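For reference, the chains in residue letters:
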Amino acid sequence: MDMRAVVAQNVRRYRLAKGMTQEALAEAAGFGQQYLSELETGKANPTVVTLYELGQQLGVTPAQLVTPLES
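The following paragraphs examine the structure supplied in this document. What you see as residue numbers is a count from 1 along each chain, following the sequence as written. Given that this is a predicted model, residues contribute local features only at a pLDDT of at least 70 and side-chain atom pairs are listed and counted only at 80 or more, while totals for whole chains, interfaces and linings are drawn from all residues. To obtain the side-chain values, all non-hydrogen atoms of the structure were used and water was disregarded.

1. Overview of the overall build of the chain
Under the scheme used here, helices are H or I runs from DSSP no shorter than 4 residues and strands are E runs no shorter than 2 residues, and both carry numbers assigned from the N terminus. Scanning the chain for helices and strands turns up five helices and zero strands. Each helix and strand of the chain, ordered N terminal to C terminal, gives the series α-α-α-α-α. Atoms counted for the radius of gyration: C-alpha only. Globule rule: 2.2 Å times the number of residues to the power 0.38. Its C-alpha atoms give the chain a radius of gyration of 11 Å, near enough to 11 Å, the size a compact globule of 71 residues would have. Accessibility here uses a 1.4 Å probe with only protein chains present; expressed as a share of the type maximum, an area under 20% marks a residue as buried, one over 50% as exposed, and anything in between as partly exposed. In the chain, which comprises 71 residues, the proportion classed as buried is 34%. Where accessible areas are quoted, they stem from the Shrake-Rupley method and a 1.4 Å probe; at the residue level, only the protein chains shown are allowed to cover. For the chain, the accessible surface area stands at approximately 4300 Å², while carbon and sulfur atoms represent 52% of it. Counted as positive: Lys and Arg. Counted as negative: Asp and Glu. His and the chain ends are not counted at all. All charge positions are set by atom: Lys at NZ, Arg at CZ, Asp at CG, Glu at CD. Averaging the locations of the 6 positively and 7 negatively charged side chains of the chain gives two centres separated by 5 Å.

2. Here we look at helix 3 (residues 33-40)
For helix 3, the set of buried residues is Leu36, Leu39 and Glu40. One face of helix 3 carries all of its buried residues, which in axial projection span an arc of 95°. Here a residue-residue contact requires only that any non-hydrogen atoms of the pair lie within 4.5 Å. Tucked inside the fold, the buried residues of helix 3 contact helix 1 (3-17), helix 2 (22-29) and helix 4 (48-58). Where helix 3 terminates, the next one or two residues include glycine 42, which has phi positive at roughly 75°. Directions from the helix axis toward the C-beta atoms define the arc.

3. Here we look at the packing of helix 2 against helix 3
Where helix 2 contacts helix 3, the two axes come as close as 8 Å, and the packing angle between them is 110°. Relative to helix 3, the element helix 2 lies roughly perpendicular. Considering only the axes of helix 2 and helix 3, their crossing is right-handed. Between helix 2 and helix 3, the contacting residues are Gln22, Glu23, Leu25 and Ala26 on the first element and Gln33, Leu36, Ser37 and Glu40 on the second. Amino acids are sorted into nonpolar (Ala, Val, Leu, Ile, Met, Phe, Trp, Tyr, Cys and Pro), charged (Asp, Glu, Lys and Arg) and polar (every other residue, Gly among them). Tallied by class, residues from the contact of helix 2 with helix 3 come to three nonpolar, three polar and two charged. With axes taken as lines fitted to C-alpha atoms, and helix axes fitted only over the stretch in contact, angles between N-to-C directions fall between 0 and 180 degrees. Roughly parallel refers to an angle under 35 degrees, roughly antiparallel to one over 145, roughly perpendicular to one between 65 and 115, and oblique to any angle outside these ranges. Note: crossing handedness is left-handed where the near helix turns anticlockwise from the far helix by less than a right angle, and right-handed where it turns clockwise.

4. Details of the packing of helix 2 against helix 4
Interhelical geometry of helix 2 versus helix 4 gives an angle of 115° and a closest axis separation of 9 Å. Note on packing geometry: the crossing formed by helix 2 with helix 4 is right-handed. On helix 4, the residues that touch Leu25, Ala28 and Ala29 of helix 2 are Glu53, Leu54, Gln57 and Leu58. The residue makeup of the contact of helix 2 with helix 4, split by class, is five nonpolar, one polar and one charged.

Shown next as structure tokens:
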């Protein structure tokens, strides 16, 4: 299982559910839009702090961001 793909899918899903753009989420979480784009395409490896900050803005726990979707 590729954890980068899991995080990418979850960040994008939760961001869209909140009606946020990449730019809005990146700014609120204190990241650049390019970094968030790389996260959502599975090219970046997020740190625990990154998962925490994104979770805070998305209203989810860091664990939810690393949990694979049920098939």
